Amino acid sequence: MATERERTILDTAKELFWNFGIQKVTVKEICKEAGVSKMTFYRAFRNKEEVAALVVDEFIDKIEHDYEAVLVQSIGFPEKVQQLIGLEYKYSSKMSKALLKDLYQREKKGLALKLEKSQERLMKLIETHFKEAQDEGWINPDLSMDFILYMLNELNHKVEDEKLLMMYTHPSKLIMDLTNFFFYGIANKDVQG
């Protein structure tokens, strides 16, 4: 359990990381924004990388918890989809392009690996609930679940595509377009057939 000062440092670091990316933020900037000395910072944490790992771990835990909470509800699949899309927006709306780049950089194997492991856990959870939705007729029965999960995973990796990311002023719009494309394709979801 983090002390009040440690919590302040972690919360401040998260805010700075989300706005400017991990690499661009310095320990000095975290300390200044948190109102603590560098000595206080280094008493609590070894370095910025440790803080970044803790912030990402908390973020992953929250995402996994929230996704599971949506998927286990006793509501129809369309409502779950709407709530999942809402979560995607909630979690992506404050992320900068710099943060996405830092999280998915191949040189940053630690953070990238954490995200990959989290995506694997989420894919297992999603697979179970998507199979149920397919059995209930909400998902096209002609599509194999392996294909659906493969395509979902491929879309997740599109946030790493520099060329695609450059088409957007903010990464949340890309993430939302990918999410909507996965669930609705190119059809207008508001048009009744």
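Please read all numbers here as calculations on a predicted model, not as lab measurements.

## Points about the side chain of Asp66
Piece 1. As for its position among the elements, Asp66 is in helix 4 (residues 48-71).
Piece 2. Owing to a relative accessible area of 10%, Asp66 belongs among the buried residues under this scheme.
Piece 3. Those residues in contact with Asp66, other than ones at most four positions away along the chain, are Leu87, Lys90 and Tyr91.

## Details of the packing of helix 4 against helix 5 (residues 77-92)
Piece 1. With their axes 9 Å apart at the nearest point, helix 4 and helix 5 run at an angle of 165 degrees to one another. Relative to helix 5, the element helix 4 lies roughly antiparallel. The two elements helix 4 and helix 5 cross, and the hand of that crossing is right-handed. Each of Phe59, Lys62, Ile63, Asp66, Tyr67, Val70 and Leu71 in helix 4 lies in contact with helix 5, whose residues at this interface are Lys80, Gln83, Leu84, Leu87, Glu88, Lys90 and Tyr91.
Piece 2. Its residues assigned to classes, the contact of helix 4 with helix 5 comprises eight nonpolar, one polar and five charged.

## Re the packing of aromatic side chains
Piece 1. Evaluated as defined, the whole model comprises eight aromatic pairs.
Piece 2. Seen in terms of ring centroids, Phe41 and Phe45 are 5.7 Å apart; in terms of plane orientation they differ by 50 degrees. Their pairing is tilted.
Piece 3. Residue classification places Phe41 among the buried positions, given a relative accessible area of 0%.
Piece 4. You can call Phe45 buried: its relative accessible area is 5%.
Piece 5. Geometrically, the ring pair formed by Phe59 and Tyr91 is edge-to-face, given 5.6 Å between the ring centres and 85 degrees between the ring planes. Of the two residues, Phe59 sits in helix 4 while Tyr91 sits in helix 5, which places them 32 residues apart along the sequence.
Piece 6. Note on Phe59: relative accessible area 10%, which makes it buried.

Reading the values: rules and limits
- Residues numbered from 1 in each chain as written.
- Predicted model: local features only at pLDDT ≥ 70, side-chain atom pairs only at ≥ 80, totals over all residues.
- Heavy atoms only, no water.
- Helix = DSSP H or I, 4+ residues; strand = E, 2+ residues; numbered from the N terminus.
- Buried < 20%, exposed > 50% of the residue type's maximum accessible area, 1.4 Å probe, protein only.
- Contact = heavy atoms within 4.5 Å.
- Axes fitted to C-alpha atoms, helices over the stretch in contact; angles between N-to-C directions.
- Parallel < 35°, antiparallel > 145°, perpendicular 65-115°, else oblique.
- Left-handed = near helix turned anticlockwise from the far one by under 90°.
- Nonpolar A, V, L, I, M, F, W, Y, C, P; charged D, E, K, R; others polar.
- Phe/Tyr/Trp six-rings, centres within 6.5 Å; stacked < 30°, edge-to-face > 60°.

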